[in-house]
Amino acid sequence: MAASGVGYGARSHRFIRRVTVTLVMLVLGALASWPFAQDRVGEEIRREFERRLSEHYPGFQVMVREARLIEGRGVEIRGVSLRRRPEREPRVAIDEIFVTNSLSLETLLRGEWPETERVLLRGLRVRGRQDAAGNWDLQALWPLPRFSERPPPIQVREARVKLTSHPG
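Residues numbered from 1 in each chain as written. Predicted model: local features only at pLDDT ≥ 70, side-chain atom pairs only at ≥ 80, totals over all residues. Heavy atoms only, no water.

**Digging into unusual backbone geometry**
(1) Moving on: Residue Pro-86 is reached from Arg-85 by a cis peptide bond, and omega for that bond is 0°.
(2) Moving on: The residue Pro-86 is located in the loop between β2 (74-84) and β3 (92-100) in this model.
(3) Moving on: Cis geometry marks the peptide bond from Trp-142 to Pro-143, where omega comes out at 0°. (Helix = DSSP H or I, 4+ residues; strand = E, 2+ residues; numbered from the N terminus.)

And the structure:
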């Protein structure tokens, strides 16, 4: 009778050890895949933002280098540029755009985009040129794109504007 009790205890111990090892492996696997999932979400946000800007500015080549979701705080978008084809220098370049909202992975998966509370632009550079008729090529940038029903307040830090006119 004592021998069967020891066997049961040993089997229970092995079972608990296997379950524990399995749980530890699952947790480690989830932790290891988290950066990949975050990168994937950021890539989807980057593509969507680039698509929306491209639709709004059809005469421009729009590029967005990267984006990332900061859960519950908003979205950080880096390396935005708008250039006219075939020009080499962008008309507009923005180092960083931070969109403050309550976006989370859950709301994103449901296809919802919460109302934007505020937009912060850092490192904004705008380059404009006046033609012989006196028209500025920057007119093509207005109106600004609207991603929500109510335009949020926009704060700009570190901006440079370069304007050149047609000689004559």
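**Structural notes on the pattern of salt bridges**
(1) Moving on: Summed over all chains, the structure comprises 18 salt bridges.
(2) Moving on: One salt bridge connects Arg-129 with Glu-87, and the closest N-O pair in it is separated by 3.5 Å. On the criterion of sequence distance, the pair formed by Arg-129 in strand β4 (residues 118-130) and Glu-87 in the loop between β2 and β3 is long-range, its members being 42 residues apart.
(3) Moving on: Overall, the relative accessible area of 36% leaves Arg-129 in the partly exposed class.
(4) Moving on: A residue is classified by how much of its surface remains accessible, and Glu-87, at 25% relative accessible area, is partly exposed.
(5) Moving on: The salt bridge partner of Arg-122 is Glu-96, with a shortest N-O separation of 3.3 Å. Of this pair, Arg-122 sits in strand β4 while Glu-96 sits in strand β3, placing them 26 residues apart in sequence.
(6) Moving on: A network of salt bridges, in which partner residues are shared, links Glu-87, Glu-89, Arg-91, Arg-127, Arg-129 and Asp-137. (Salt bridge = Lys/Arg side-chain N within 4 Å of Asp/Glu carboxyl O. Buried < 20%, exposed > 50% of the residue type's maximum accessible area, 1.4 Å probe, protein only.)

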